[in-house]
Amino acid sequence: MTATDAAPRTFESLDPRTGDVVGTHPVHDAAAVQAAVDKAAVAADWWRGLGFDGRLPRLAAWRSLLANRIDDLAGVIVTETGKPLDDARLELVLAVDHLDWAARNAKRVLGRRSVRAGLLGANQAASVSYPPLGVVGVIGPWNYPVFTPMGSIAYALAAGNTVVFKPSELTPGVGRALADTLAEAVPDAPLLQVVTGYGETGAALCRARGVGKIAFTGSTATGKRVMAACAENLVPVLIECGGKDAMIVDSDADLAAAADAAVWGGMSNAGQTCVGVERVYVLGTVADAFAAEVTKRALALRAGESFGPMTMPAQADVVARHVADALAAGGTALVGGPDPVHDGLVDPVVIADVPEDSVAVTEETFGPVLVVNRVQDVDDAVRRANATGYGLGASVFSGARGEEIAGRLRCGMVAVNGVISFAGIPALPFGGVGDSGFGRIHGDDGLREFTRPQAVARQRFALPVPLTSFRRPASAMKGLVRMTRLRMGR
Ligand code: NDP
């Protein structure tokens, strides 16, 4: 191979607001990724050996450092994503809260617990523990470059694993900053290493020897590639993909609150939120009043001030295509027009009465675009909300029936009379169904996700008649079958 054939050894991250280069990072190849995993495996032995009580103060030290550096880290997020500073701060506040919860609850959730041994195991003491997997590979997206991967990183570490993290090529500096702060708080061993580069670096992490699990967050298409790569070595995966989240607005909802939530849920972070609101189904009796509330609020927003640019410039083309399709299919523009993209920014767009087969309804738009469709009744709203292949989050605004409607939605999380509120509650599991993926971060389930349950049955005393021995007399089985018929055959 000549020097010109060689893969580039570094790449640059850019400020999407200006195009300025804000950092240069190595492109880690398969050998470099393997070296990181090997180091992580050594560190994992030490980290696991500390036990819950040894890990807790160390994770608390990292939490304190992150909390005290919120403004510095928010600055790094802003330069690589272009989002407003306060949005970056909010992301960090939530991530710190999750780290604290995961560290403090790991022992309760994962510590050895006794379970009933049952009649057949009457001579046994039964218990379950949740040992860590060893090294967890985390592959993250760019839209919430701290909050999203920390849902895996914090919970994997608290469960006793070490982590090798591949951040998005758009936000490598944020990943680096996370790893640097943990190394500063806990210098003893490389608990969190960052490998940077493009998709091939992520693929190398999936194939590295010694990875106990891959936690992937990103698009559904890439999630399928990650799963295929992991299948080669039967490496388990956690897949957190995109969504097409719906909001349902009932006839007795607080319309002003619902409109406020729809506009923030749909347009904050320029709509680049996996659990952002993309579709609203509003009952016909209140549809006009709701549309007026949404229109008033969306008209007050300014691209570049209320939210930043498209972090990934190519996404603007997707947004423009969805808007054009919705309008061509007969949708009515309430806010914004057919040409919302300019200078890397996308102006707010609200379109009413879009046919359900338009790509603006069926595919993830990931821009500041809201589709607002009127529906006949709650059944109609639920049917439409459940009609896409995705199933990540949803929200419901209703006076009387919020939780009942939530229970009918095919998705992983629902906010009732709020939006995205579930993401800020560490005890609640986070994840999707269908094209949105599977597995859970956050909460008790999120801790267990980074462990393997281990069952132990300890014999307390020998049975007078052995059942699992070649010494078993034939009469013993006859007695056992008779007893089973008596107990179970009724
Ligand atoms: P991508 O799928 O493009 O990338 C995600 C990560 O995978 C990046 O680090 C990427 O690296 C890496 N990658 C790319 N190709 C491969 C490969 N072949 N093998 C292994 N890793 C690979 O997603 P985006 O970064 O564009 O993120 C946006 C998407 O993430 C949206 O669909 C959004 O809805 C979803 N998302 C889901 C969340 C959830 O919790 N369910 C939360 C946040 C976002 P590189 O960037 O270098 O290409």
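Residues numbered from 1 in each chain as written. Predicted model: local features only at pLDDT ≥ 70, side-chain atom pairs only at ≥ 80, totals over all residues. Heavy atoms only, no water.

(A) Region of interest: the UniProt feature "active site" (unreviewed entry) in the protein. Here the UniProt-annotated "active site" (unreviewed entry) positions come out as E240. You can see E240 is positioned in strand β9 (residues 237-240). Not counting residues up to four positions away in its chain, the partners in contact with E240 are F216, T217, G218, L392, F430, G431, G432, S436, G439, R440 and I441. (UniProt positions renumbered as here; feature names shortened; annotations may be inferred. Helix = DSSP H or I, 4+ residues; strand = E, 2+ residues; numbered from the N terminus. Contact = heavy atoms within 4.5 Å.)

(B) Representation of the site of the ligand within the structure. Taken together, the neighbourhood of the ligand is formed by 29 residues, with E169, S219, C241, C274 and E364 sitting nearest. Within the side chain of K166, an N or O atom sits 2.9 Å from an oxygen atom of the ligand. Within the backbone of C241, an N or O atom sits 2.7 Å from a nitrogen atom of the ligand. Elements that contribute at least two residues to the shell around the ligand include exactly α6 (199-207), β8 (211-217) and α7 (220-231). Among the residues forming the shell around the ligand, the class breakdown is 13 nonpolar, twelve polar and four charged. (Near = heavy atom within 4 Å. Polar contact = N/O pair within 3.5 Å; in protein donor to acceptor, adjacent residues only side chain to side chain. Nonpolar A, V, L, I, M, F, W, Y, C, P; charged D, E, K, R; others polar.)

(C) Molecular detail of the packing of helix α1 (residues 30-68) against α6. Packing of α1 against α6 brings their axes to within 9 Å, and their N-to-C directions diverge by 45°. Classified by the angle between their axes, α1 and α6 sit oblique to one another. The chirality of how α1 crosses α6 is right-handed. The segment α1 lies against α6, with A30, V33 and V37 engaging T201, A204 and L205. Taken together, the residues of the contact of α1 with α6 break down into five nonpolar, one polar and no charged. (Axes fitted to C-alpha atoms, helices over the stretch in contact; angles between N-to-C directions. Parallel < 35°, antiparallel > 145°, perpendicular 65-115°, else oblique. Left-handed = near helix turned anticlockwise from the far one by under 90°.)

(D) Expanded view of the sheet that holds strand β11 (residues 279-283). Strand order in the open sheet formed by seven strands is β12-β15-β16-β11-β10-β17-β18, and the pairing between neighbours is mixed. Each end of this open sheet is capped by a strand with a single partner; those strands are β12 (332-335) and β18 (413-416). Each strand of the sheet is rotated relative to its neighbour by a mean of 20°, with strand direction disregarded. Here β11 pairs with strand β16 (residues 369-375) via five bridges, running parallel. Within the sheet, the bridge partner assigned to V282 lies in β16 and is R374. Running over the sheet, helix α9 (residues 284-299) touches β10 (246-249), β11, β12, β15 (349-352) and β16 and is turned about 140° from β11. (Pairing = 2+ DSSP bridges.)

(E) Representation of the environment of G432 within the structure. Its location among the elements puts G432 in the loop between β18 and β19 (437-438). Each C-alpha atom of the pair G432 and A457 lies 34 Å from the other, and the pair is 25 residues apart in sequence. Ignoring any residue separated from it by four or fewer positions in sequence, one finds G432 in contact with E240, G391, L392, G412, G437, F438 and R440.

(F) Quick peek at the packing of aromatic side chains. Here the structure, examined in full by the defined rule, presents five aromatic pairs. Relative to W47, the ring of W46 has its centre 6.1 Å away and its plane inclined at 35°; by these criteria the two rings are tilted. With relative accessibility at 0%, the residue W47 sits in the buried group. Their ring planes at 35° and their centres at 6.2 Å tell us that W101 and Y155 sit as a pair that is tilted. Taken as a pair, W101 in helix α3 (residues 85-110) and Y155 in helix α4 (residues 147-158) lie far apart in primary sequence, 54 residues in all. Between the NZ or CZ atom of R55 and the centre of the ring of F52, over which it lies, the distance is 5.0 Å. The lysine or arginine in question, K83, covers the ring of Y144, its NZ or CZ lying 4.1 Å from the ring centre. (Phe/Tyr/Trp six-rings, centres within 6.5 Å; stacked < 30°, edge-to-face > 60°. Buried < 20%, exposed > 50% of the residue type's maximum accessible area, 1.4 Å probe, protein only. Lys NZ or Arg CZ within 6 Å of the ring centre and 35° of its normal.)

(G) Focus on the nonpolar core. If you look at the biggest cluster of nonpolar residues, it comprises 117 residues, and the most contacted ones within it are W62, M150 and F290. For this core, the element with the highest residue contribution is α3, accounting for eleven residues. Beyond its immediate chain neighbours, meaning those up to four positions away, F290 contacts V249, L255, A258, A259, A262, V280, V282 and V372. Membership of the second largest hydrophobic core comes to 22 residues, among which are V37, V135, A204 and V235. (Core = buried A, V, L, I, M, F, W, Y, C linked by side-chain atoms within 4.5 Å.)

(H) View of the environment of A106. By secondary structure assignment, the location of A106 is in helix α3. Residue class for A106 comes out buried when judged on its relative accessible area of 2%. Between the alpha carbons of A106 and D53 there is a distance of 9.7 Å; along the sequence they are 53 residues apart.

(I) Quick peek at the sheet that holds strand β20 (residues 454-459). Taken together, the three strands give an open sheet; going across it, the order is β3-β4-β20, and neighbouring strands pair in antiparallel fashion. A single partner strand is all that each edge strand has here, and the edge strands are β3 (113-115) and β20. When the angles between neighbouring strand axes are averaged without regard to direction, this sheet yields 30°. Relative to β20, strand β4 (residues 124-129) is paired through six bridges, and the arrangement is antiparallel. Of the residues in β20, the one forming a bridge with A126 is A457.

(J) Layout of the side chain of T181. As for its position among the elements, T181 is in helix α5 (residues 172-185). For T181, a relative accessible area of 5% gives the class buried. In this view, T181 contacts W62, L65, L66 and R69; residues no more than four positions away in its chain are not counted.

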